[in-house]
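A structural walkthrough
Letter by letter, the chains look like this.
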Amino acid sequence: MGTEDVETRPPSIRRMAQCHTEGCPAAAAEPCEVVLYENVGEPKYIAVCGQCGEIITELTEVPSAS
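Keep in mind it's a predicted model, so treat the numbers as computed, not measured. (Residues numbered from 1 in each chain as written. Predicted model: local features only at pLDDT ≥ 70, side-chain atom pairs only at ≥ 80, totals over all residues. Heavy atoms only, no water.)

1. Focus: the nonpolar core
- Residues I13, A17, C19, C24, V34, L36, Y45, A47, C49 and I56 constitute the largest nonpolar core, which totals ten residues.
- Put simply, the parts of the chain that give this core at least two residues each are β1 (12-17) and β2 (32-37).
- Filtering out sequence-adjacent residues up to four positions away, I56 remains in contact with A17, Q18, C19, I46, A47, V48 and C49. (Core = buried A, V, L, I, M, F, W, Y, C linked by side-chain atoms within 4.5 Å. Buried < 20%, exposed > 50% of the residue type's maximum accessible area, 1.4 Å probe, protein only. Helix = DSSP H or I, 4+ residues; strand = E, 2+ residues; numbered from the N terminus. Contact = heavy atoms within 4.5 Å.)

2. Overview of the pairing of β1
- Note that β1 and β2 share six bridges and pair antiparallel. When the bridges of β2 are listed, A17 appears paired with C32.
- Two strands pair when backbone bridges link them, and β1 and strand β5 (residues 59-61) are joined in this way by three bridges, in the antiparallel orientation. Residue A17 lies in a different strand from β5, and its bridge partner there is L59. (Pairing = 2+ DSSP bridges.)

3. Focus: the pattern of salt bridges
- Scanning the entire structure with this criterion turns up two salt bridges.
- For E33, the salt bridge is made with R14, and the minimal N-O distance between the two is 2.6 Å. With E33 in strand β2 and R14 in strand β1, this residue pair connects regions lying 19 residues apart in the sequence.
- Assessed through its relative accessible area of 44%, E33 is described here as partly exposed.
- The partner of E61 in a salt bridge is R15, with the nearest N and O atoms 3.3 Å apart. (Salt bridge = Lys/Arg side-chain N within 4 Å of Asp/Glu carboxyl O.)

Function-wise, these values are silent; they only describe arrangement.
What follows is the structure in structure tokens.
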């Protein structure tokens, strides 16, 4: 197997995401931790709400474990 056969993954980050769409049931829930992969364009990282399907670009750092 040559190196051209090896699948490479784009860089990823862990972030907290929460939907803020008015009327979405997920908007009242706690933020959830997500793994995001780098996009070609801007914004570089986005999440999509699993309830309403709206794009979430407001992402926060994952709290460090104490």
